[in-house]
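Each chain, written out:
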Amino acid sequence: MATIGTTATQTSSPSSSQDEFGMIFTSFGMFIIDEIHYLDGTSLYDVIGGAGTYAAYGARYFLPYPLSNGVGWIVDAGSDFPQEIKKKLFSLQTTMIFRDDPTRLTTRGWNGYGEKEFRGFRYTTPKKRIVTEDIVGTKLLESRTFHVICSPERAQSLIHGIVEQRTSAKKDLPFPVIAWEPVPDLCKPEHLDACLDALPMVDILTPNAAEAAAFFDLPEPFEKDDIEAIGLRFLPHMREDAAIVIRAGSNGCLVLSKRREKMWLEAYHTPYPERVIDPTGAGNTFVGGMCTGYVLSNGDIIEAAIYGNVAAGLSVEQVGLAKLTLPGNDGQPELWNGSAVLDRVKEYKDRLGL
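Residues numbered from 1 in each chain as written. Predicted model: local features only at pLDDT ≥ 70, side-chain atom pairs only at ≥ 80, totals over all residues. Heavy atoms only, no water.

Chemist: A description of the overall build of the protein should follow, citing residues and the corresponding values.
Modeler: Along its length, the protein carries 11 helices and 16 strands. Its C-alpha radius of gyration of 19 Å places the protein within 12% of the 20 Å reference for a compact globule of 354 residues. Dimensions of the protein, computed from the C-alpha atoms along their principal axes, are close to 50 × 50 × 45 Å. Expressed as a percentage of the 354 residues in the protein, the buried residues total 55%. Restricting the contact set of the protein to residue pairs at least 6 apart, pairs at least 24 apart contribute 67%. With 34 positive and 46 negative side-chain charges, the protein shows a separation of 4 Å between the mean positions of the two kinds. (Helix = DSSP H or I, 4+ residues; strand = E, 2+ residues; numbered from the N terminus. Rg over C-alpha atoms; globule rule 2.2 N^0.38 Å. Buried < 20%, exposed > 50% of the residue type's maximum accessible area, 1.4 Å probe, protein only. Contact = heavy atoms within 4.5 Å. Lys, Arg positive; Asp, Glu negative; His and termini not counted. Charge placed at Lys NZ, Arg CZ, Asp CG, Glu CD.)

As structure tokens, then:
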């Protein structure tokens with residue numbers, strides 16, 4: 001049985017500002033319940049995770065209610081789904097499609113961390129992928145941006161499917177912005193040709209540095225010059241109006257485009273690395289924040305990447321997801337980890353001199 005998150009959490013009509021933006025972001029990433037194992041031998045279990053979850057949170061940081069209705073995602077819950085987690089997800093007041101299936105287990109994953117920001121991952125229960133048909137007949141199909149995290153071949157299929165379904169719906173919808181995050185274990189030389197073939201369909205290619213290098217059978221680069229050299233290999237295959245945003249961990253991110261000079265944006269927590277607790281999901285969170293920033297800034301890729309870095313900064317300050325404090329009667333704004341997210345954006349831009 002499927003339930004739409006916003007229907008269950010509130011009944012008031014969207015404000016004019018929500019009407020203006022409509023559906024801002026939809027992720028094709030999955031919901032996963034994680035177990036996390038650290039280098040020091042400690043472990044955590046039943047941690048909310050998954051690329052779709054982190055990406056939705058990254059978008060949600062910048063969209064207080066009722067704009068939060070513009071965040072679309074799908075959660076597949078099995079017979080083992082904790083009710084406390086369900087309550088937390090619905091409290092976000094997003095357009096979440098919650099699909100309850102007692103005949104299966106919730107998708108779960110194992111995460112292991114090692115030296116030099118190494119992360120290992122595997123599924124411990126069967127996964128249930130999100131497909132184009134899952135959003136047909138829903139508000140998610142009208143989204144202005146889509147996050148696809150998959151192989152090059154599946155990226156092409158999903159993008160074709162999104163466009164075809166929007167056309168079939170006979171709605172006056174512009175071509176959506178596509179942010180493609182390549183799935184790590186398929187970033188291999190044998191998929192390079194398919195990757196390059198997919199790029200003309202993509203507005204923002206956003207691998208991390210290791211994923212970008214792996215397409216060329218190269219080790220993960222840690223020096224900025226090496227990261228730039230790999231990014232430039234993709235650029236000739238992209239449209240004039242597209243961009244590559246390479247996520248580079250503690251180096252921040254690199255923005256490359258045919259229309260502007262390369263630009264590095266330092267990681268949000270560069271001045272205070274002691275605040276970095278757990279990097280799980282930071283890249284997915286970055287993409288959700290970046291897509292939202294892209295819409296709110298009317299297509300400014302640098303502003304979008306700034307939002308991405310701020311979102312990733314929030315995601316690493318704790319194990320699991322950032323803490324939301326809803327507005328009070330005193331006029332206090334919505335807070336994430338105790339601070340207003342736009343204050344973080346301003347502080348970060350001031351630091352960069354932007």
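Chemist: Any details on the nonpolar core? Residues and values, ideally.
Modeler: Across soluble globular proteins, nonpolar side chains show a tendency to be buried alongside one another. Within the largest apolar cluster, 61 residues are counted, with the highest numbers of intra-cluster contacts made by Phe-31, Tyr-61, Trp-73, Leu-89 and Ile-301. For this core, the element with the most residues is helix H10 (residues 301-315), which contributes 10 residues. Discounting residues that sit within four places of it in the chain, Trp-73 has contacts with Ser-27, Phe-31, Gly-52, Thr-53, Ala-56, Leu-89, Leu-92, Thr-94, Thr-95, Met-96, Ile-97 and Leu-140. Listed in part, the 45 residues of the second largest apolar core include Leu-158, Ile-178, Met-201 and Ala-248. (Core = buried A, V, L, I, M, F, W, Y, C linked by side-chain atoms within 4.5 Å.)

Chemist: Tell me about helix H9 (residues 282-296), residues and numbers included.
Modeler: The end-to-end C-alpha distance of H9 is 21 Å, a good match for the 21 Å that 15 residues give at a rise of 1.5 Å each. Within H9, 13 of the 15 residues are buried, leaving the element largely enclosed by the surrounding structure. One or two residues past the end of H9 sits Asn-298, with phi positive at roughly 60 degrees. (Expected span 1.5 Å × (residues − 1).)

Chemist: Which residues make up unusual backbone geometry, and what values go with them?
Modeler: With an omega dihedral of 10 degrees, the bond running from Tyr-65 to Pro-66 counts as a cis peptide bond. One non-glycine residue with positive phi stands out, namely Asp-46, at about 55 degrees. Assignment of secondary structure puts Asp-46 in strand S4 (residues 43-49). The backbone phi angle of Asn-298 is positive, close to 60 degrees, even though this residue is not glycine. Structurally, Asn-298 is set in the loop between H9 and H10.

Chemist: Any chance you could break down the packing of aromatic side chains for me, citing the residues and the numbers?
Modeler: Taken as a whole, this structure holds 14 aromatic pairs when the rule is applied. Relative to Phe-234, the ring of Phe-216 lies with its centre 5.2 Å away and its plane at 65 degrees, an arrangement referred to as edge-to-face. Taken together, the positions of Phe-216 in the loop between helix H7 (209-214) and helix H8 (224-234) and Phe-234 in helix H8 put the pair 18 residues apart, joining distant regions of the chain. Grouping aromatic residues by their ring pairs yields a cluster made of Phe-31, Phe-81, Phe-90 and Phe-98. When the ring centre of Trp-264 is taken as reference, the NZ or CZ atom of Lys-224 above it lies at 5.0 Å. The side chain of Arg-233 reaches across the aromatic face of Phe-216, ending 4.7 Å from its centre. (Phe/Tyr/Trp six-rings, centres within 6.5 Å; stacked < 30°, edge-to-face > 60°. Lys NZ or Arg CZ within 6 Å of the ring centre and 35° of its normal.)

Chemist: Help me get a handle on the sheet that holds strand S8 (residues 119-123), residues and values and all.
Modeler: Here 4 strands make up an open sheet; going across it, the order is S4-S3-S7-S8 and the pairing mixed. Sheet topology places S4 and S8 at the edges, where each strand pairs with a single neighbour. Ignoring which end each strand starts from, the neighbouring axes of this sheet average 25 degrees apart. With 5 bridges connecting them, strand S3 (residues 32-37) and strand S7 (residues 108-113) associate as parallel partners. Note on S7: the bridge partner recorded for Ile-36 is Asn-111. (Pairing = 2+ DSSP bridges. Axes fitted to C-alpha atoms, helices over the stretch in contact; angles between N-to-C directions.)

Chemist: Before we move on, could you go through the state of the cysteines and cite the residues and values that matter?
Modeler: Summed over all chains, the structure comprises 0 disulfides. A disulfide-free cysteine, Cys-187 has its sulfur positioned 7.6 Å from the sulfur of Cys-195, the nearest such atom. With no disulfide of its own, Cys-253 has Cys-291 as its nearest cysteine by sulfur position, at a separation of 13 Å. (Disulfide = S-S within 2.5 Å.)

Chemist: Just give me the short version of the environment of Asp-278, but keep the residues and values in it.
Modeler: Relative to the helices and strands, Asp-278 is located in the loop between strand S14 (260-265) and H9. Each C-alpha atom of the pair Asp-278 and Gln-318 lies 5.9 Å from the other, and the pair is 40 residues apart in sequence. Setting aside residues up to four positions removed in sequence, Asp-278 forms contacts with Ile-36, Tyr-38, Tyr-113, Ser-315, Val-316, Gln-318, Val-319 and Gly-320. Among the polar contacts listed, one links the side chain of Asp-278 to the side chain of Thr-280, at a separation of 2.9 Å. (Polar contact = N/O pair within 3.5 Å; in protein donor to acceptor, adjacent residues only side chain to side chain.)

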